[in-house]
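# Structural overview
As a plain string of letters, each chain reads:
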Amino acid sequence: MNAKQDPSGTDNVPAVKISHLVKRYGDHLVLDDFDLDVPQGRIFGLLGPNGSGKTTLINCILSLLTYDSGDIRIFGEPMTPSAYALKARIGLVPQDVAVLEELTVEENIDYFCSLYVPKEDERKPLVDEAIALVGLDDFRTYRPKNLSGGLKRRLNIACGIAHKPDLIFFDEPTVAVDPQSRNAILEGIERLNRAGATVVYTSHYMEEVEQICDQILIMDHGRHVAEGTVPELKAMVSTGDRIVIETLDLADAALADLRGLPTIVDVDYDGTTLTVRCKAGERNLVDVLDLLEHSGANIGHVSSNPPTLNDVFLEMTGKALRD
Amino acid sequence: MLTTFKAFLKAGVRNPSIVFWVFAFPLIMLAMLQLMFSDINDMIRVDPQSMAVAEDSNWNAASGAAQVVKALAGERDADGKTIKNNDQKLISIKQASGVTEAKRMVADGKAKGYLYVDDSGALRMALADTTVNSGDQAVSMSVTALDYALQQYNETGQVVSAVAAKNQAAMTNPQVRSSIGSSDGFMKQTSVTTIKPHRFARYYFAMLGMACLLGATISINLITLTQANLTALGIRASVSPLPKIRQTVATLLASWVISFVCMLVAFFAMRYVIGVGVAGREPAAVLAVAASTLMASALGLVIGALPKLTTRAKLSLNVVLTCFLSMFTGLYGTGAMALGDALQRKAPILARLNPARQVSDLFYDLLYYDNYHPFFTGLAVMAATTVVFVLIVVAMLRRQRYEHL
């Protein structure tokens, strides 16, 4: 892994820096004066709903797409289609599984690695390592058509990371993947990062992003909505805990009292479960339970969940992440 | 680049559609042509037909008639000498005492028809209805040839009578006698080549042209694997540090090697299984296969690099283009041959631009010309066409960033 041993000696420069990027498809503005700063050594999450511009952004960064204006730099150098030295330091795991159906698992990884590492003797251990990383040792001689969806995704990843890039783009690598493979993929990404690679991870699965990313950028309609660590993002919004209480005999008067509490945003009761969304605050649960106790309601199971990234996204954009 | 070449070589060889179109299809076409032409050979076969001969008084009066009929039966030659084991027979003779018996033999199915001499001394033929309406091509051919022979005999008889009536002395001249009715000098069998070419060689060479162009399937498939605007694999290849020009060269080489090997197999099958030769110039023919497949692979790159078309659409386009261009090589029959030849006469440059024609002409040049000059001229034109295709591809693939993906 070359990461964190930047040959240019510019360890402090961002792995990716984008300034004022504008991309239009005809009259449709896809990226709107977009800025991005990905520090080296991080797992950087790009979070946004489908169609928010994540893949377009990555394609612009990789010089696959033209853009109307702006500046893109990778490790401090301008990224162009012929920036072969920079390309050698980049890995891509595309959204669609991109492997040769006629080659075996090992042949596929070897081929894609050979685009970066021409010498066979140097390539062999890299291929073996990539196969081990994604857990495909038992499937070396399998053709992709004989692999399950999850295993194909793992192969897709191995093909993108075998050459040990310093910067890896994962574009929704877990779409349509079973939970077991998803966990294996996420663990693999964390291992790559621990080994020194900077990871840019796009997804619309907030749980994944929350699980593995050090820093998250939320985007929507090609715009930079918010950026920070998970706690920082949650602190940016007024949404607090979501309290869920099992109760069978809640009176209408008690519901009205609940709605009257100053820190309550929304109350929903379906006859068995009471769901209360609160603003940020430390006494929300106590206040709600006090009120229910005084109303004489019998209380069953109680849970209080902190706000999710979806809540953050909902408050910032007015819509759910999976819309 | 070498590993890309190897990977694409493996991918190509293991792709079932490529294996079919490039390897199996030419062999299937060869087998179909062979079947088709063997049927044509059957259609133009001449089998001896049993004919009753009414040997009545008219017959006995016409001494030449017996000689002609025996010649037609292969028993005597034109000079009346006996022939043994002659396989060039139009009829087998069934003797009858007269027309009545001859008719009975026909009615009984013992003869297809009967021959008789009429009152004017002319040799005539009457056929059974079943013979006239026979769907058997061999019967039709034999009866037509027989009718022509009788016509010749009767016309010669009329000429002899006319000459004898005007100048009886001339008939004493043996040279005049022998020249009457002879077609010597009207037709002469000759050969413009050092070897006897296969009578359907043109079809086989046209088939090679078609098969070569269908070989472009490989490069169409493989080049899409390097194009970011066409496949996800292309995105992966495009973000790699291997320059696009080297990926394109590797694609061309891999396509060419597969196509060349497959076409070589087809050529050897045509040459040694079916027996369509190239005048003993097999090494040059191998060179022709190599050049043809390289040109076809370059053409495939051009089609494969076309933007805004799916791979399936490009493959279909190649099939349509190949079928259209093959029309001018004469693959579809005599009408197509006439069209191709007319184009060659009226617009030779346009005809030369046709890649399918370039391929078939190379083999044609080897077979029909005494020296290699036409072959090497064709080879040079083909090389130039290949270079043009490659330049077009380079121009098309030069752009490495796209507006849309």
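Source: prediction; values computed, not measured. (Residues numbered from 1 in each chain as written. Chains lettered and ligands numbered in written order. Predicted model: local features only at pLDDT ≥ 70, side-chain atom pairs only at ≥ 80, totals over all residues.)

When helices and strands are counted, chain A shows 11 helices and 14 strands. Within chain A, buried positions represent 44% of all 323 residues. (Helix = DSSP H or I, 4+ residues; strand = E, 2+ residues; numbered from the N terminus. Buried ≥ 20, exposed ≤ 12 C-beta atoms within 10 Å, placed from the backbone.)

With that settled, the discussion passes to the confidence of the model for chain A. Here chain A averages 86 in pLDDT, while 95% of its residues score no lower than 70. Overall, residues 1-9 of chain A carries pLDDT values under 50, and its contacts beyond four positions in sequence, including any with other chains, amount to 20 contacts. (pLDDT = per-residue confidence, 0-100. Contact = placed C-beta atoms within 7 Å.)

So, about the packing of helix α5 (residues 149-161) of chain A against helix α6 (residues 179-194) of chain A. Helix-helix packing is characterised by the crossing angle of the two axes and by the distance between the axes. All names here are of chain A. For the pair α5 and α6, interaxial distance at closest approach is 9 Å and the crossing angle is 15°. Viewed along their axes, α5 and α6 adopt a mutual orientation that is roughly parallel. Crossing handedness for the pair α5 and α6: right-handed. From α5, Gly150, Arg153, Arg154, Ile157 and Ile161 reach across to α6, where they touch Gln180, Ser181, Ala184, Ile185, Gly188 and Leu192. (Axes fitted to C-alpha atoms, helices over the stretch in contact; angles between N-to-C directions. Parallel < 35°, antiparallel > 145°, perpendicular 65-115°, else oblique. Left-handed = near helix turned anticlockwise from the far one by under 90°.)

Looking now at the interface of chain B and chain A. Every contact between the two is made by 24 residues of chain B and, on the other side, 26 residues of chain A. When residues of the side of chain B that touches chain A are traced back to their parent elements, those giving at least two are α1 (2-13) and α11 (232-238) of chain B. A per-element tally of the side of chain B that touches chain A places α11 of chain B first, with six residues. Here the side of chain B that touches chain A is built from residues that sort into 13 nonpolar, six polar and five charged. (Nonpolar A, V, L, I, M, F, W, Y, C, P; charged D, E, K, R; others polar.)

Let's shift gears to unusual backbone geometry. All names here are of chain A. Of note in this structure, Glu172 is not a glycine but carries a positive phi near 45°. Positionally, Glu172 belongs in the loop between β7 (167-171) and α6. The backbone of His221 sits at a positive phi, close to 50°, despite the residue not being glycine. Mapped onto the secondary structure, His221 falls in the loop between β9 (215-220) and β10 (223-228). Exposure remark for His221: the 15 C-beta atoms within 10 Å place this residue in the partly exposed category.

What follows is about the sheet that holds strand β4 (residues 123-127) of chain B. Residue and element names in this part refer to chain B. One open sheet accounts for four strands, arranged β2-β1-β3-β4; its pairing is mixed. Lying at the two open borders of the sheet, with one neighbouring strand each, are β2 (91-96) and β4. Between one strand and the next, the sheet's axes are offset by a mean angle of 30°, whatever the strand orientation. Pairing geometry for strand β1 (residues 49-54) and strand β3 (residues 113-117), over three bridges, is parallel. Within β3, the position partnered with Val53 by the bridge is Leu115. Relative to the sheet, helix α5 (residues 99-107) contacts β1, β2 and β3, its axis offset from that of β3 by approximately 165°. (Pairing = 2+ DSSP bridges.)

Turning our attention to the environment of Thr310 of chain B. Here Thr310 of chain B lies in the loop between α13 (282-304) and α14 (311-327). Between the C-alpha atom of Thr310 of chain B and that of Met382 of chain B, which follows or precedes it by 72 residues, the distance is 28 Å.

Let us look at the pairing of strand β11 (residues 239-246) of chain A. Residues and elements named next belong to chain A. Where β11 and strand β13 (residues 273-279) come together, six bridges link them in antiparallel fashion. Bridge pairing in β13 links Val244 to Thr275. Pairing of β11 with strand β14 (residues 302-305) involves four bridges; the strand directions are antiparallel. The partner of Ile243 across the bridge, within β14, is Ser304.

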